[in-house]
Amino acid sequence: MAFYYNEPSHTFSEYLLVPGYTGPDNIPANVSLKTPLVRYKKGEKPAISLNIPMVSAVMQSVSGDRLGIALAKEGGMAFIFGSQSIESQAAMVAKVKNHKAGFVVSDSNVTPDTKLHDVIALIERTGHSTIAVTDDGTPNGELMGILTSRDYRVSRMTGDEIVGDYMTPREKLIVGGPNTTLSSANDLIWENKLNTLPVVDEKNHLQYLVFRKDYDSHKEHPNELLDEEKRLLVGAGINSRDYAERVPALVKAGVDCVVIDSSEGYSVWQAETIKWIHENYADLKVGAGNIVDAEGFRFLADAGADFIKIGIGGGSICITRETKGIGRGQATAVIDVAKARDEYYKETGEYIPICSDGGIVYDYHMTLALAMGADFVMLGRYFSRFEEAPGEKLVVNGNTVKEYWGEGSARARNWARYDLGQGKKLSFEEGVDSYVPYAGSLKDNVAMTILKIKSTMCNCGALTISELQQNAKLTLVSSTSIIEGGAHDVQVKRNDNTYNK
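Residues numbered from 1 in each chain as written. Predicted model: local features only at pLDDT ≥ 70, side-chain atom pairs only at ≥ 80, totals over all residues. Heavy atoms only, no water.

A look at the sheet that holds strand β15 (residues 285–291)
This is how it is decided: At least two bridges found by DSSP between two strands are what make those strands a pair. The secondary structure listing takes helices from DSSP runs of H or I that are at least 4 residues long and strands from runs of E that are at least 2 residues long, numbered from the N terminus. The convention used is that axes are lines fitted to C-alpha atoms, helices contributing only their stretch in contact, and that angles between N-to-C directions extend from 0 to 180 degrees. Contacts: residue pairs with any heavy atoms within 4.5 Å of one another.
Strand order in the closed barrel made by the eight strands is β5-β6-β13-β14-β15-β16-β18-β19, with parallel pairing throughout. Shown here is a sheet whose adjacent strand axes are inclined to one another by a mean of 25°, direction ignored. Summarising the sheet, strand β6 (residues 77–80) and strand β13 (residues 235–238) pair through two bridges and their orientation is parallel. Bridge pairing in β13 links Phe79 to Gly235. Packed onto the sheet, helix α1 (residues 65–74) meets β5 (54–56) and β6 and runs at close to 160° relative to β6.

Points about the pairing of strand β14 (residues 257–260)
Note the cut-off: Working definition: with a 1.4 Å probe on protein chains only, accessible area under 20% of the residue-type maximum means buried, over 50% means exposed, and in between means partly exposed. Orient the strands so they point away from the viewer; a crossover is then right-handed if the path from the first strand over the helix to the second runs clockwise.
Judged by which residues are buried, β14 turns out to be covered on both faces: Cys257 and Val259 on one side and Val258 and Ile260 on the other are all buried. Inspection of the sheet shows β13 paired to β14 by four bridges, in the parallel sense. Counterpart to Ile238 in the pairing with β14 is Ile260. As a crossover connection, the stretch from β13 through helix α6 (residues 243–253) into β14 is right-handed. Pairing of β14 with β15 involves three bridges; the strand directions are parallel. Residue pairing in the sheet places Cys257 in a bridge with Lys285 of β15. Each parallel crossover has a hand, and the one from β14 via helix α7 (residues 268–280) to β15 is right-handed.

Things to note about the sheet that holds strand β7 (residues 109–110)
Strand order in this open sheet of four strands is β7-β8-β9-β10, and the pairing throughout is mixed. The outermost strands of the open sheet, each flanked by one partner alone, are β7 and β10 (168–169). In this sheet, β10 lies alongside strand β9 (residues 143–147) in antiparallel orientation, the contact comprising two bridges. The residue of β10 that forms the bridge with Ile146 is Thr168.

Thoughts on the pairing of β6
Burial of β6 is two-sided: the residues Met77 and Phe79 facing one way and the residues Ala78 and Ile80 facing the other way are all buried. Where β5 lies against β6, two bridges are found, and the strand directions are parallel. Note on β6: the bridge partner recorded for Val55 is Met77. Once the chain exits β5 it traverses α1 before rejoining the sheet at β6, and the crossover so formed is right-handed.

Here we look at unusual backbone geometry
The step from Gly289 to Asn290 runs through a cis peptide bond, and the omega angle for that step is 10°. In this model, Asn204 sits at a positive phi of 65°, which is unusual for a non-glycine residue. With respect to the element layout, Asn204 can be found in the loop between β11 (196–200) and β12 (206–211). Positive phi outside glycine occurs at Asn397, with the angle close to 55°. By secondary structure assignment, the location of Asn397 is in the loop between β20 (393–396) and β21 (399–405). For Asn397, a relative accessible area of 77% gives the class exposed.

Notes on the side chain of Gln60
Where we set the bar: Two N or O atoms count as a polar contact when they lie within 3.5 Å, although within protein this holds only if one can serve as hydrogen donor and the other as acceptor, and sequence-adjacent residues are included solely when both atoms are side-chain atoms.
Tracing the chain through its elements places Gln60 in the loop between β5 and α1. Gln60 gets classed as buried once you look at its relative accessible area, which sits at 13%. Among the polar contacts made by the side chain of Gln60, one reaches the side chain of Trp405 at a distance of 2.9 Å.

Here's the deal with the nonpolar core
One recurring pattern in soluble globular proteins is that nonpolar side chains are buried together. The condition that has to hold: Buried Ala, Val, Leu, Ile, Met, Phe, Trp, Tyr and Cys residues form a nonpolar core when they are joined through side-chain atoms within 4.5 Å.
Ranked by internal contacts, the top residues of the largest apolar core, which has 100 residues, are Leu37, Met54, Met77, Phe79, Phe297 and Phe383. Counting residues in hydrophobic clusters, the runner-up holds twelve residues, among them Val133, Leu147, Tyr152 and Val163.

Some details on α6
Each α-helix winds once per 3.6 residues, and so residues spaced three or four apart point in a common direction. In plain terms, the rule: Comment: arc refers to directions from the helix axis out to C-beta atoms.
Listed as buried for α6 are Tyr243, Arg246, Val247, Leu250 and Ala253. Looking straight down α6, one finds that the buried residues subtend no more than 125° of arc, so they occupy a single side. Those residues of α6 that are buried lie in contact with α2 (86–99), β13, β14 and α7. Following α6 by one or two positions, Gly254 has its phi on the positive side, about 105°.

Regarding the environment of Arg150
Its location among the elements puts Arg150 in the loop between β9 and β10. Each C-alpha atom, one on Arg150 and one on Thr348, is 60 Å from the other, the two residues being 198 residues apart in sequence.

Points about the side chain of Gln270
Mapping Gln270 onto the fold places it in helix α7. For Gln270, a relative accessible area of 1% corresponds to the buried category. With residues up to four places along the chain from it excluded, the contact list for Gln270 reads Ile260, Ser262, Glu264, Gly265, Ala288, Gly289 and Leu300.

Topic: the packing of aromatic side chains
The following threshold applies: Pairing of aromatic rings covers Phe, Tyr and Trp, the last counted by its six-membered ring, and requires centre-to-centre distances within 6.5 Å; plane angles under 30 degrees mean stacked, over 60 mean edge-to-face, and any other angle means tilted.
Per the stated rule, a full pass over the model turns up 13 aromatic pairs. Where Phe79 meets Phe307, the ring centres are 6.0 Å apart and the plane angle is 55°; that geometry is what we call tilted. Note that Phe79 is positioned in strand β6 and Phe307 in strand β16 (residues 307–310), a separation of 228 residues in sequence. Between Tyr362 and Tyr364, the aromatic rings sit 6.0 Å apart at their centres with planes inclined by 10°, giving stacked as the arrangement. Exposure remark for Tyr362: the relative accessible area of 30% places this residue in the partly exposed category. Chaining the aromatic ring pairs together yields one cluster made of Tyr40, Tyr345 and Tyr351.

So, the pattern of salt bridges
Just so we agree on the cut-off: We define a salt bridge as a contact between a side-chain nitrogen of Lys or Arg and a carboxyl oxygen of Asp or Glu at a distance within 4 Å.
Evaluation of the coordinates by the stated rule reveals 15 salt bridges. With a closest N to O distance of 3.0 Å, Lys97 and Asp227 form a salt bridge. Residue Lys97 is found in helix α2, and its partner Asp227 is found in the loop between α5 (212–220) and β13; the two are separated by 130 residues along the sequence. The buried category is assigned to Asp227, whose relative accessible area is 16%. In this structure, the salt-bridge partner of Asp256 is Lys97, at a minimum N-O distance of 2.9 Å. Residue Asp256 is located in the loop between α6 and β14, and its partner Lys97 is located in helix α2; the two are separated by 159 residues in the primary sequence. On the basis of relative accessibility, which here comes to 1%, the residue Lys97 falls in the buried class. Salt bridges sharing common partners tie together Lys97, Asp227, Glu229, Arg231 and Asp256.

Pasting the structure below:
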């Protein structure tokens, strides 16, 4: 006989947080949103933590390299979409990893004999206007000079000129040596009013470039998420079909974490994928999902998942519940899985972070998800509205919008995400193609959202996410209470972008 749950499942909009005691230290400036991304043992620290509890969804219209860079600068992580060729996904990962670092291996290199039109083509390909000139045109060749956009004017040249006639030669360059630290490199940059400092070895072979803009950027982005080499962190989505070919390319590109992207993760294929990754890339962290109950969590936990995603059918562009009749209210799913996570931790001494994926309509839903036990949230629609998202920006009926489409839509045709052995085809749609209101830059919007989360946590007497989970008081609300909670019985004068999110 079928199993029936006694209680209906609920969404985030059906809950409110009841305020707790707000002490003198409960101010947003004192709140830490640092949270674990991957599994760790009791008494140890996680290999990867997020500085803000936000990651971007594995979607064509959300997680490209531009958004990956912008989100990592704010302390979160993007998971570059996998419904593209292995080569193009790996290239996106590499762009994020190489975007900024304390010491950057030069990816734009020429010889003194290179012609200017080849330099222009190189700049268009890499997006970097500072060119290292080495004897053999490699990143670690003997340094001959540096060429920047200030050294030539394209409008006054034919393109046949050679780099050696326009570059700043080695003898006029200030460089760092083998023992240069990031701190001393920045001192040299500021003392000599440089934009770029080449770092060479004992034989004058180029090793790295250090940029003034990287130092300035770090000051503007104090929460940026960096690895030990001061590179931005980035994840990538994979599937349970071509992982043996895709994962090696992503690792080579520098990926920090992968997640199996599937509409339903309680499957033999996810277990096989996790096993293969752990056997072949023991240090690579892999998330899995999606699941909606304790049973699904336990399966993926025992399979070795480093974090587990919760949510089926709750995304704004997802129609899985309509087409297949599977899923669960997101709030109930998070609460159930959080209990299973805590029981697993008590039993094994291993903490497995859980991610609430889908069902976020308003910013306060993120705080609810965290209070209910989620360690971080995965967001699609939220990020798709921003300038850095891949969707095209359009004007529709006088309103500026961005395109946003689901991975289960006919447009994305991400068959691997929904594959149950039917082959390389999308048998029916589980997502839609849509527009979302354009909201501007990621940085400004995330800052507003983070302030809201921190303010709510202060109202609950919590300074960390773990304190929120331990001390939060939640109540179900009636449909009338939901209406009461918004503006009512008045005519709102104007649309405030911070209000309805």
